[in-house]
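As a plain string of letters, each chain reads:
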Amino acid sequence: MFISLEGIDGSGKSTQARLLADHLRASGREVVLTREPGGSPGAEEIRRLLVEGAGERWSPGTELLLFTAARRDHLERTIRPALARGAVVVSDRFADSTRVYQGAARADLRATVDRLHDLMIGVEPDLTLVIDADPAVALGRGKARGAGEDRFENMGLPFQARLRAGFLALAAEAPDRVRVVDGSGSAEDVAARVRAAVGAALAAAT
Ligand code: ADP
Ligand code: TYD
């Protein structure tokens, strides 16, 4: 099973991906916890080009190509081999981030994003959880991290609000695959909601 977590910057995706991986491992499953951009040595190198530096460093179109190149490497080297041996893959972001960031919030490139996805990626997660968080709260958390990977966070609060709307629209577009999880409350409150959504999907798949 391939599960992705999505949401705006600072919404709690990484925290929830880690807690979900721990929970699935405790039930005896092999879990590969991975992330985008990154998740393979080559894709991690591309990640640095994307998340550091000034906002205008790349145009939305160039970004789209770099994220897609990173995703292709991640898919070939990490995701496909893990799924082939029966592991559960939990990925902190996947193609929906490109649909929303490059396809809707940064620029109106959704048709190009979809064509490139069909051409070079062609895979969707079995289940995608959007961790839905208030943009002001999420941005404050992300900035408090201060890790230098803040190229997108520096695009500001209105940008984060456009992203949130984009993820909610995507969930409405693909309701069988994409579930919205309320990201408010403690990390444990959210983790319980995530476990419920994944449990329902696992039960339906077996
Ligand atoms: P993302 O991966 O979406 O950017 P993170 O999981 O890295 O988000 O969380 C951003 C910051 O907020 C981290 O410092 C994390 O410890 C903290 N955090 C995550 N979830 C919660 C929560 N439910 N309540 C308060 N703080 C949280
Ligand atoms: P991430 O490390 O998940 O950031 P955060 O922890 O702040 O949520 O992702 C890095 C940034 O890359 C993030 O701002 C979202 C952006 N991004 C895209 O614009 N398009 C994509 O396809 C992906 C995977 C990420």
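Residues numbered from 1 in each chain as written. Chains lettered and ligands numbered in written order. Predicted model: local features only at pLDDT ≥ 70, side-chain atom pairs only at ≥ 80, totals over all residues. Heavy atoms only, no water.

Participant: Let's hear about the sheet that holds strand S4 (residues 127-132): which residues, and what values?
Facilitator: One open sheet accounts for 5 strands, arranged S2-S3-S1-S4-S5; its pairing is parallel. Across the chains shown, the open sheet's two edge strands, defined by having one partner strand only, are strand S2 (31-35) and strand S5 (178-182). With strand direction ignored, the average angle separating the axes of adjacent strands in the sheet is 20°. Judged from the 5 bridges that link them, S2 and strand S3 (residues 88-92) form a sheet pairing that is parallel. Bridge pairing in S3 places Leu33 opposite Val90. Sheet strands in contact with helix H8 (residues 187-205) are strand S1 (2-6), S4 and S5, and its direction is about 160° off that of S4. (Pairing = 2+ DSSP bridges. Helix = DSSP H or I, 4+ residues; strand = E, 2+ residues; numbered from the N terminus. Axes fitted to C-alpha atoms, helices over the stretch in contact; angles between N-to-C directions. Contact = heavy atoms within 4.5 Å.)

Participant: So what about the packing of aromatic side chains? Which residues, and what values?
Facilitator: The full count for this structure, using the stated rule, is 5 aromatic pairs. For the ring pair Tyr101 and Phe152, a centre distance of 5.7 Å and an interplane angle of 85° mean the geometry is edge-to-face. Of the two residues, Tyr101 sits in helix H4 (residues 95-105) while Phe152 sits in the loop between helix H6 (135-145) and helix H7 (157-173), which places them 51 residues apart along the sequence. Residue classification places Tyr101 among the buried residues on the basis of a relative accessible area of 5%. On the basis of relative accessible area, Phe152 is assigned to the buried category, the value being 7%. An angle of 70° between the planes, with centres 6.1 Å apart, marks the rings of Tyr101 and Phe159 as edge-to-face. Residue Tyr101 is located in helix H4, and its partner Phe159 is located in helix H7; the two are separated by 58 residues in the primary sequence. Across the pair, Phe159 and Tyr101 agree in class, each one buried. (Phe/Tyr/Trp six-rings, centres within 6.5 Å; stacked < 30°, edge-to-face > 60°. Buried < 20%, exposed > 50% of the residue type's maximum accessible area, 1.4 Å probe, protein only.)

Participant: Break down the packing of helix H2 (residues 41-51) against helix H3 (residues 60-84) for me, citing the residues and quoting the values.
Facilitator: In contact at an axis separation of 8 Å, H2 and H3 are set at 160° when each is read in the N-to-C sense. Our classification of the angle between H2 and H3 gives roughly antiparallel. Considering only the axes of H2 and H3, their crossing is left-handed. Each of Gly42, Ala43, Ile46 and Leu50 in H2 lies in contact with H3, whose residues at this interface are Glu63, Leu66, Phe67, Ala69, Ala70 and Asp73. Taken together, the residues of the contact of H2 with H3 sort by class into 7 nonpolar, 1 polar and 2 charged. (Parallel < 35°, antiparallel > 145°, perpendicular 65-115°, else oblique. Left-handed = near helix turned anticlockwise from the far one by under 90°. Nonpolar A, V, L, I, M, F, W, Y, C, P; charged D, E, K, R; others polar.)

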